[in-house]
Amino acid sequence: MATLQLKNIKKIYEGGVEAVHSFNLDIADKEFIVLVGPSGCGKSTTLRMIAGLEEISEGELYIGDKLVNEVEPKDRDIAMVFQSYALYPYMTVYENMSFALKLRHLPKDEIDQRVRWAAEVLDITKYLDRKPKALSGGQRQRVAIGRAIVREPKVFLMDEPLSNLDAKLRNQMRAEIIKLRKKVNTTFIYVTHDQTEAMTLGDRIVIMKDGWIMQIGTPQEVFDHPANIFVAGFIGMPQMNFFDGELAKNGEKYQLTVNGCPVEIGESLQQALKEKDVPSKKVIVGCRPEHIELSSADNALKATVDVSEMMGSEIHLHLNCEGKDIVIRVPSTKLSAEHRGGFEFGTDLKFAFPADLIHLFDPETENNLI
Amino acid sequence: MRTRKNKGAYYVVSLIILIILALLFLFPLYWIVTGAFKTGAEINSVTPVWWPTEWVTNNFEKLFSKRSAPLFEIGSLTGPVVPGAIRWLVNTVFMAVVAMVLTCITASMAGYALAKKRFTGRHILFTLIVCAMALPKQVILIPLIREMSTLGLYDKIWAVIFPTVGWPFGVFLMKQFSEGVPGEILEAARIDGASEARTFSSIVVPIIKPGIGALAIFTFINSWNDYFMQLIMLSSSSKLTISLGIATMQAENSTDFGIIMAGAALAALPIIIVFLIFQKYFTQGITMGAVKG
């Protein structure tokens with residue numbers, strides 16, 4: 001059983017800089033947790049505290065039922081894959097993978113068996129006699145993963161393992177990690193700054209900013225219901241568009257206007273606002289680029305085309321809406337033959353928000369109103 | 001922009017300059033080696049004799065007939081009696097090899113600790129070491145002699161070995177090399193369960209091997225050539241090193257340059273062998289500062 005409990009974990013560096021503030025998280029056995037956020041958000045520091053490479057300044061860390069704050073990394077029954085691979089350069093792939101097992105004084109047969117099993121799982125059997133410098137980036141990363149899985153750890157920690165790979169290899173390795181997870185069936189904690197990796201790999205995602213947890217949820221939850229403007233902007237590519245709006249409570253109904261144009265609020269959103277008893281106020285309206293639709297309705301919002309990017313199956317339109325830059329994604333199939341290749345610079349367009357796919361944020365707290 | 005023709009000319013001129021410099025540096029060695037095989041008349045001839053007319057070995061015969069001493073003395077155990085020059089050579093090789101090995105071990109450990117371990121006073125310690133590099137040997141000579149006397153090591157080969165072992169330059173060099181060891185590799189070893197000693201021996205040492213090689217040759221040459229320290233610390237005839245021994249012969253036989261040439265050729269031989277073996281590391285050690293900053 002490898003549950004993890006992080007209770008009020010803090011990291012305070014010399015000089016009083018607090019890199020991680022009161023981090024609370026319960027991780028279930030065999031769960032795949034992804035810590036995601038921009039550079040300097042404290043995700044790697046948190047992972048390193050779990051690994052035992054950084055001291056925990058305050059709080060408690062439990063692996064299983066055991067408090068491990070003061071336990072050495074080697075005794076935490078964890079394995080870690082680093083961004084730079086961190087392979088031992090003067091050892092062969094076999095020696096790299098067997099190093100930890102030798103230190104545990106396992107019988108030679110067992111070491112050999114485990115290394116060959118891991119090599120087979122990762123398809124690196126033919127490289128076992130090579131030194132790391134004779135391998136490509138992708139192969140090195142497989143070796144680094146192999147070195148971790150031979151130990152059969154309770155918890156698997158990965159610190160941006162795909163960041164050094166090119167885009168194609170990264171996609172391939174991402175799929176490999178998903179397959180690997182099914183094979184090794186253990187708890188994973190994965191750190192990345194790439195939201196695509198976070199969305200595709202994680203059972204749950206922890207989004208961090210400036211050492212604070214912004215939201216914890218499944219990929220679907222954080223995408224559909226971002227807790228605040230930061231999460232809404234961070235998850236999703238291209239990022240969510242934000243508009244200044246005015247929310248007015250008119251009896252039992254709420255009415256929303258953006259740039260003076262009325263925007264319809266869906267029934268479920270109306271209900272939620274009512275339940276929370278949100279008063280009339282200024283709001284920030286968020287809508288994802290793929291949810292905004294081109295419209296010809298009279299009360300639709302007006303914009304002009306700045307840039308039109310042809311992406312193959314869709315077009316990304318960068319529009320200027322009363323001085324504000326917004327992006328919308330339009331599937332090519334929804335466009336007339338004339339515009340399937342894109343729009344001219346300066347073309348006037350109109351767009352509308354789908355009633356149920358808008359998000360309302362408080363301009364002061366930046367939190368989701370619902 | 002340099003044209004291809006200009007590049008060719010530049011290459012030729014550099015080559016000529018390098019050949020001239022190489023010949024200039026080779027000349028003393030050539031003069032000593034050929035001199036060792038010349039007759040006394042040829043050595044003392046007013047017009048230089050560039051090549052021995054007849055290769056004679058009597059200089060070496062005389063060198064090896066001079067004096068006698070046991071090959072080694074360890075406590076009450078003594079080796080067979082050999083010519084003094086052989087004993088001096090054994091003393092020198094022992095001194096240089098032991099100093100080299102001990103310096104490499106201590107400097108690499110200290111350098112690694114200063115580069116990769118976080119402990120209070122690390123920066124002050126390193127500053128002190130760098131300052132120590134600037135101290136001329138003459139300044140520490142008197143305290144060093146007193147220290148060695150107190151330890152009962154005066155006129156013992158250890159009196160010239162121990163002061164070399166704490167060589168600040170060695171620690172500095174190894175610190176610079178250890179800076180290049182990626183922190184994540186050390187962390188990976190820590191997670192793998194390697195002890196400090198195992199991490200150092202199995203992970204760090206192979207990575208900083210070029211540095212250790214460079215340090216080995218620096219220490220060997222430094223120790224071999226440290227005439228001044230040897231002169232101060234050693235006095236008994238059987239404890240002398242080869243350069244001291246040759247110097248004493250010079251005093252006694254001021255006119256017999258043949259023996260001196262033979263002795264000098266003998267003294268240069270191990271250094272040349274060591275240099276040829278570690279040449280790669282030696283150049284790496286010298287150029288290291290240029291690429292690692």
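In this text, all values refer to a predicted model and were calculated from it rather than measured experimentally.

Draft legend 1. Layout of the domain arrangement of chain A. Residues and elements named next belong to chain A. In terms of domains, chain A is made up of domain 1 (4–233), domain 2 (238–289 + 354–370) and domain 3 (292–352). Domain 1 and domain 2 are separated by 38 Å when their C-alpha centres are compared. On the domain 2 side, the residues contacting the 10 residues of domain 1 number 11 residues. Summing both partners gives a buried area of about 920 Å² for domain 1 against domain 2, and 58% of it is carried by carbon and sulfur. Viewed at the interface, domain 2 and domain 1 are joined by zero salt bridges. Joining domain 1 to domain 2, the criterion identifies five residue pairs in polar contact (both at pLDDT 80 or more). Put simply, the parts of the chain that give the side of domain 1 that touches domain 2 at least two residues each are helix 7 (219–224) and helix 8 (229–234). Its residues placed into classes, the side of domain 1 that touches domain 2 shows six nonpolar, three polar and one charged.

Draft legend 2. Seen up close, the sheet that holds strand 10 (residues 212–217) of chain A. Residue and element names in this part refer to chain A. If you walk across this open sheet you meet the six strands as 6-7-8-3-9-10, and the pairing is mixed. Both edges of this open sheet fall to strand 6 (78–81) and strand 10, since each of them pairs with a single strand only. On average, each strand axis in the sheet is inclined to that of its neighbour by 15°, with strand direction left out of account. Direction of pairing for strand 3 (residues 32–36) relative to strand 9 (residues 204–209): parallel, over a ladder of four bridges. For valine 36, the partnering residue across the bridge sits in strand 9 and is isoleucine 207.

Draft legend 3. Here's a closer look at the sheet that holds strand 4 (residues 58–63) of chain A. All names here are of chain A. Read across the open sheet, the four strands follow the order 2-1-4-5; overall the sheet is antiparallel. Looking at strand neighbours, the two that pair on one side only are strand 2 (18–27) and strand 5 (66–67), the edges of this open sheet. The pairing of strand 4 with strand 5 spans two bridges and is antiparallel. Along strand 5, the bridge assignment pairs tyrosine 62 with leucine 67.

The rules behind these values
- Residues numbered from 1 in each chain as written.
- Chains lettered and ligands numbered in written order.
- Predicted model: local features only at pLDDT ≥ 70, side-chain atom pairs only at ≥ 80, totals over all residues.
- Heavy atoms only, no water.
- Domains from an automatic or database assignment.
- Contact = heavy atoms within 4.5 Å.
- Buried area = accessible area lost by both parts, 1.4 Å probe.
- Salt bridge = Lys/Arg side-chain N within 4 Å of Asp/Glu carboxyl O.
- Polar contact = N/O pair within 3.5 Å; in protein donor to acceptor, adjacent residues only side chain to side chain.
- Helix = DSSP H or I, 4+ residues; strand = E, 2+ residues; numbered from the N terminus.
- Nonpolar A, V, L, I, M, F, W, Y, C, P; charged D, E, K, R; others polar.
- Pairing = 2+ DSSP bridges.
- Axes fitted to C-alpha atoms, helices over the stretch in contact; angles between N-to-C directions.

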